Amino acid sequence: MSVAYSQRKRWHNHTGNQAVEPLRLYKPSTLAELQEIVATAVSDGVSVRAVGSGHSWSDVALSEGYLVETNNLGRPLEVDCLRGDWGAEPLERVEAGMRIRALNQVLDKKGRALSQMGGYDAQTVAGVISTSTHGSGIALGAFPDFARSIDLVAADARVHRIERAGGPTDPDAFAREHPEWELHQDDDTFDAIAVSMGCTGVIYAVTLAVTDAYWLTEVRELSTWTQVRAGLPAALEGNRHYEVYINPYPGDDGEHRCIVCRRNAADPRRSRTLDRLRRHWWIEFLSRLKIIGLFGRLIDRVSPDGAPRRIDQMLSILADNEYSGPSYKVLNIGSANLLPAYSSEIAVPFDRHREAVDTLIATADRHRRLGRAYHTGLISLRFVAGSSAYLSMMQGGDTMTIELILMTGTEGGLELLAAHEEALHVLGGRPHWGQVNWLTDETVRELYPRYDDWDAVRARFDPEGRFDAPFTRRVGIPAAAR
Ligand SMILES: Cc1cc2nc3c(=O)[nH]c(=O)nc-3n(C[C@H](O)[C@H](O)[C@H](O)COP(=O)(O)OP(=O)(O)OC[C@H]3O[C@@H](n4cnc5c(N)ncnc54)[C@H](O)[C@@H]3O)c2cc1C
């Protein structure tokens, strides 16, 4: 068998801010092809890396060697070799390249749903696990925390099934069913592999814990940071999902306007008017128009000093009494995802959330005063349960994330994001792997106390740095450096 590929074909991420011409671009559609690609990379002495749907703004998915697109690996699979005593937690096993959107449809047909997701659904299952993509809700973890089993093609081109101790796979059934594969059931291996940004192999399939289908009601209320600050942390416990959009610039009264977004379980049988069963239709419509992005950029250029007022206006139009629907529709923030934008996100330990917002405001103010550089999009504060995955941004405890969204073309935008990352570093702020970041080997080691444990597991699955990439070299964490 010889898997087809394109040579030196340009690949770019979905926004086009990251591009590469890999030696070979593969699009496998079977596990056997995936294994052959990795074996070929090893025998050719070339690096290899999987890419999901290219929804990372950072360089995390680039490969100059062989790049493996996974869009043809998006099928649902049977949960195989399940232990007889697994218990009541429902599981869903799918190929790694399935998009969250398709997964939601598969689950919905079975009366199931994800317990939690981020604000968008175009990413792939392996992509969101690999960068610790998350939503908001302090009792709910990030995507890797819902993974129960990961089938990974490592540098030996074999399939390794990785689970926690006591994971769902029955070892005897597994040995009979997959004599060529290897089963790892220990927490150390799982916690290292779960968030690996493609550095430990190519994920073929994932088994996720899911839940019964449920509805949510979303309410978005205007508030101020003074009020929100006083209500934390109690508000987190009182709401399944709680998220805040904040204007970093004060209004004339010195207050920072916010929108507080609460999403809680809802009864689907209650009768509701049509406007409560959809988002503001005109915001959805306008966000889809390319001209809106261009128009926004023009206004930002002509009148940069009007940015604080425009952010207040954006917050005002987001207010909404009720939007109810199936969980996966309400958790998706809608067409706002389609606006031409890029973003950084910094995760800070929850107990430093007040200092973090003070720091955010001070940095925004400094750049406004000194450089006339302004935020042109919303800043979202989200709250996520701690994770045991060694390289999750949530590793070690509950976290507040600060997402800094800027419209494409924002004057001084990258400098502004870099300044936020630097200022929040002092508070232990960890940049999102999949969003714009300036991580270095020094900051990675400082921010992730389990880095060496992660690297030790990586060495077992990738002893020669076959999954190294421009990203690992930029950040200074190539396996080859070991
Ligand atoms: C519009 C938009 C909205 C977003 N919303 C959120 C949000 O709400 N919350 C949040 O936390 N983040 C969010 N993000 C960030 C995004 O979820 C992450 O960057 C995510 O990793 C992208 O997934 P992807 O499938 O596109 O993967 P890619 O960007 O293609 O790849 C991401 C990483 O996963 C690795 N990878 C992908 N597939 C495999 C595989 N099969 N095997 C091994 N490694 C693999 C890649 O090598 C790379 O390191 C958003 C991004 C965008 C553009």
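Scroll up for the structure.
Rules used in this analysis
- Residues numbered from 1 in each chain as written.
- Predicted model: local features only at pLDDT ≥ 70, side-chain atom pairs only at ≥ 80, totals over all residues.
- Heavy atoms only, no water.
- Helix = DSSP H or I, 4+ residues; strand = E, 2+ residues; numbered from the N terminus.
- Rg over C-alpha atoms; globule rule 2.2 N^0.38 Å.
- Buried < 20%, exposed > 50% of the residue type's maximum accessible area, 1.4 Å probe, protein only.
- Near = heavy atom within 4 Å.
- Polar contact = N/O pair within 3.5 Å; in protein donor to acceptor, adjacent residues only side chain to side chain.
- Areas by Shrake-Rupley, 256 points an atom, 1.4 Å probe, with all protein chains shown as cover.
- Domains from an automatic or database assignment.
- Pairing = 2+ DSSP bridges.
- Contact = heavy atoms within 4.5 Å.
- Axes fitted to C-alpha atoms, helices over the stretch in contact; angles between N-to-C directions.
- Phe/Tyr/Trp six-rings, centres within 6.5 Å; stacked < 30°, edge-to-face > 60°.
- Lys NZ or Arg CZ within 6 Å of the ring centre and 35° of its normal.
- Salt bridge = Lys/Arg side-chain N within 4 Å of Asp/Glu carboxyl O.

Attention shifts here to the overall build of the protein chain. Scanning the protein chain for helices and strands turns up 16 helices and 22 strands. What you see for the protein chain is a C-alpha radius of gyration of 22 Å, in line with the 23 Å of a compact globule of 482 residues. Over its C-alpha atoms, taken along the principal directions, the protein chain stretches across nearly 70 × 50 × 40 Å. A total of 482 residues make up the protein chain; the buried ones form 58% of that total.

Before going further, it helps to examine the site of the ligand. Looking at the ligand, there are 35 residues lining it, with Ala-50, Gly-52, His-55, Ser-56 and Thr-124 nearest. For the ligand, an oxygen atom lies 2.7 Å from a polar atom in the side chain of Thr-124. Backbone polar atom of Gly-127 to an oxygen atom of the ligand: 2.9 Å apart, as the coordinates give it. Contact with the protein chains covers 98% of the free accessible surface of the ligand, which is 980 Å². Formed jointly, the shell around the ligand draws a minimum of three residues from each of two domains, domain 1 (76–212) and domain 2 (215–438).

Once that is clear, we can look at unusual backbone geometry. Peptide bonds are trans in most cases, and residues, glycine excluded, mostly fall at negative phi. The residue after Leu-232, namely Pro-233, is reached through a cis peptide bond having omega 5°. Along the chain, Pro-233 falls in the loop between helix 6 (225–231) and helix 7 (234–237). Positive phi, close to 55°, is recorded for Cys-81, a residue that is not glycine. Along the chain, the position of Cys-81 falls in the loop between strand 7 (76–77) and strand 8 (91–95). Even without being a glycine, Arg-372 presents a positive backbone phi close to 55°. Inspection of the secondary structure assignment puts Arg-372 in the loop between helix 12 (353–371) and strand 20 (379–384).

A few words now on the pairing of strand 18 (residues 320–326). With six of seven residues buried, strand 18 lies mostly within the body of the structure. With five bridges joining them, strand 15 (residues 215–224) and strand 18 adopt antiparallel strand pairing. From the neighbouring strand, Glu-218 faces strand 18, where its bridge partner is Tyr-323.

This paragraph deals with helix 5 (residues 187–194). Burial of helix 5 is extensive: six of the eight residues sit out of reach of the surface. All of the buried residues in helix 5 are Thr-189, Phe-190, Asp-191, Ala-192, Ile-193 and Ala-194. Here the buried face of helix 5 lies against helix 3 (125–130), strand 10 (147–153), strand 11 (159–163), strand 12 (182–185) and helix 15 (451–461). The opening residue of helix 5 is Asp-186, an N-cap whose side-chain oxygen sits 3.3 Å from the backbone nitrogen of Asp-188.

An order of 1-4-6-5 is seen for the four strands of this open sheet, with the pairing classed as mixed. Looking at which strands have only one partner, the edges of the open sheet turn out to be strand 1 (5–7) and strand 5 (48–51). Pairs of neighbouring strands in the sheet enclose a mean axial angle of 25°, with direction left out of account. Helix 1 (residues 31–44) rests against strand 4 (24–26), strand 5 and strand 6 (66–69) of the sheet, and its axis sits at about 175° to strand 6.

Two aromatic rings are characterised by how far apart their centres lie and by the angle between their planes. Tallied over the full model, the rule gives nine aromatic pairs. Measuring from ring centre to ring centre gives 6.1 Å for Trp-433 and Phe-471, while their planes differ by 85°; the resulting arrangement is edge-to-face. Of this pair, Trp-433 sits in the loop between strand 22 (430–431) and helix 14 (441–447) while Phe-471 sits in helix 16 (residues 470–475), and the two are 38 residues apart along the sequence. Taken as a pair, Trp-433 and Phe-471 share a single burial class, namely buried. What links up through ring pairs into an aromatic cluster is the set Tyr-5, Tyr-26 and Tyr-66. The aromatic ring of Tyr-448 is capped on one face by Arg-430, whose charged end is 4.6 Å from the ring centroid.

With that out of the way, let us pick up the environment of Asp-358. Relative to the elements of secondary structure, Asp-358 occurs in helix 12. Along the sequence, Asp-358 and Pro-248 sit 110 residues apart, while their C-alpha atoms lie 9.3 Å from each other.

One pass over the structure, following the stated rule, counts 41 salt bridges. Put simply, Arg-272 and Glu-322 hold a salt bridge, and the shortest N to O gap is 2.8 Å. Here Arg-272 is found in the loop between strand 17 (257–266) and helix 8 (281–287), whereas its partner Glu-322 is found in strand 18, with 50 residues between them in sequence. The pair Arg-272 / Glu-322 is uniform in exposure class, with both members buried. The partner of Asp-365 in a salt bridge is Arg-369, and the shortest N-O contact between them spans 3.0 Å. One end of the pair is Asp-365 and the other is Arg-369, both in helix 12 and four residues apart, which spans about a single turn. A relative accessible area of 27% means that Asp-365 is categorised as partly exposed. When salt bridges with common partners are traced through the structure, they connect Glu-218, Arg-220, Glu-243, Arg-263 and Arg-279 into a single cluster.

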